[in-house]
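Here is what each chain is made of, one letter per residue.
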Amino acid sequence: MSIFDDPGLFGRLWAAGYDAGTNPDPAPAVDFLADLAGGGPVLELAIGTGRVALPLAARGLAVEGVEASPEMVARMRAKPGGDGIPVAIGDMADVPVTGPYRLAYLVFNTLFNLVDESRQQDCFRNVARVLAPGGAFVVEAFVPDPAGFDRDEQLQVREVTEDSVTLRVHRYDRPAQRFVRQTIVIDGRGTRLEPFAMRYCWPEQIDELAERAGLRLAARYADFDRRPFDADSRSHISVYRLR
């Protein structure tokens, strides 16, 4: 099966070490989302290991999730409070829940894990279906930087030790706004490949996805601390509401 056809691939490859990675501190996101939740209930798409959902639930909000990877959910279940969060196993583009929710959210560039525009559109349309009147959909994403594409396509040496080498290479499909990244690990166990793909969008393109789904942009910030978004911002937090 192609990486483009398997929404659970990322979780199977990365679940074991996901929490040991360089994920950002969830506290600013939790503060921001709790302020918008209006008492809940709340839905996280691609809930993963509960990095954001667990502290949000600890504030007394009813949090539910959608996740394509049972391995990721198992990691969350092993944490305090993880058994108390209902999770639907499935593709987040389908939003396989009924709602209604006061808040739905996608953090840490996860929208771009849907590698076809049609599936990104499905995600927005299905979120709109389960939002309560006045509910909000929050999307966190990076702003693509075309100046960096050529640099990324060069072979990168990520780590060298006496026992292993880790390399990384990207291939960009610019017309499709998509890239494939391959991390290559060579060590005493042999050679392992860890593929990853994204379809990136500029903020105005995400706004178009929202508009076609019946959502309107209500606010946009550079980060979860609500710093103003401007031409130099490298990421954005966008808040959409039902029209």
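Residues numbered from 1 in each chain as written. Predicted model: local features only at pLDDT ≥ 70, side-chain atom pairs only at ≥ 80, totals over all residues. Heavy atoms only, no water.

Asker: Help me get a handle on the packing of aromatic side chains, residues and values and all.
Answerer: Two measures describe an aromatic ring pair: the distance that separates the ring centres and the angle between the ring planes. Counted under the stated rule, the structure contains 10 aromatic pairs. With a centroid separation of 5.3 Å and 65 degrees between ring planes, the pair formed by Phe 32 and Phe 224 is classed as edge-to-face. Placement of Phe 32 in helix α2 (residues 27-36) and of Phe 224 in the loop between β10 (215-221) and β11 (235-242) is noted, with a sequence separation of 192 residues between them. Phe 224 carries the same exposure label as Phe 32, and that label is buried. Ring centres of Phe 124 and Tyr 240 lie 5.8 Å apart, and the angle between their planes is 85 degrees; on these two criteria the pair is classed as edge-to-face. One end of the pair, Phe 124, is in helix α5 (residues 117-130); the other, Tyr 240, is in strand β11, with 116 residues separating them in the sequence. In this structure Phe 124 comes out as buried when scored by relative accessible area, which is 0%. Look at Tyr 240 and you get buried, because its relative accessible area is 0%. Clustering of aromatic rings is evident, with ring pairs tying together Phe 149, Tyr 172, Phe 179, Tyr 200 and Trp 202. (Phe/Tyr/Trp six-rings, centres within 6.5 Å; stacked < 30°, edge-to-face > 60°. Helix = DSSP H or I, 4+ residues; strand = E, 2+ residues; numbered from the N terminus. Buried < 20%, exposed > 50% of the residue type's maximum accessible area, 1.4 Å probe, protein only.)

Asker: I'd love a proper account of the sheet that holds β11, names of residues and values included.
Answerer: Read from one edge of the open sheet, 7 strands run β3-β2-β1-β4-β5-β11-β10, paired in mixed fashion. Bordering the open sheet on either side are β3 (87-89) and β10, each of which pairs with just one other strand. Taking each pair of neighbouring strands and ignoring which way they run, the sheet shows an average axis angle of 20 degrees. Across 7 bridges, strand β5 (residues 131-142) lies against β11 in antiparallel orientation. (Pairing = 2+ DSSP bridges. Axes fitted to C-alpha atoms, helices over the stretch in contact; angles between N-to-C directions.)

Asker: Tell me about unusual backbone geometry, and name the residues and values.
Answerer: Omega for the bond connecting Gly 40 with Pro 41 falls within 30 degrees of zero, at 0 degrees, which places this linkage in the cis form. Within the element layout of this structure, Pro 41 appears in the loop between α2 and β1 (42-45). Geometrically, the link from Gly 99 to Pro 100 is a cis peptide bond, its omega value of 0 degrees lying close to zero. Residue position: Pro 100 is located in the loop between β3 and β4 (101-106). Even without being glycine, Ala 46 reaches a positive phi, approximately 60 degrees. Mapped onto the elements, Ala 46 comes out in the loop between β1 and α3 (53-57). Positive phi outside glycine occurs at Phe 108, with the angle close to 60 degrees.

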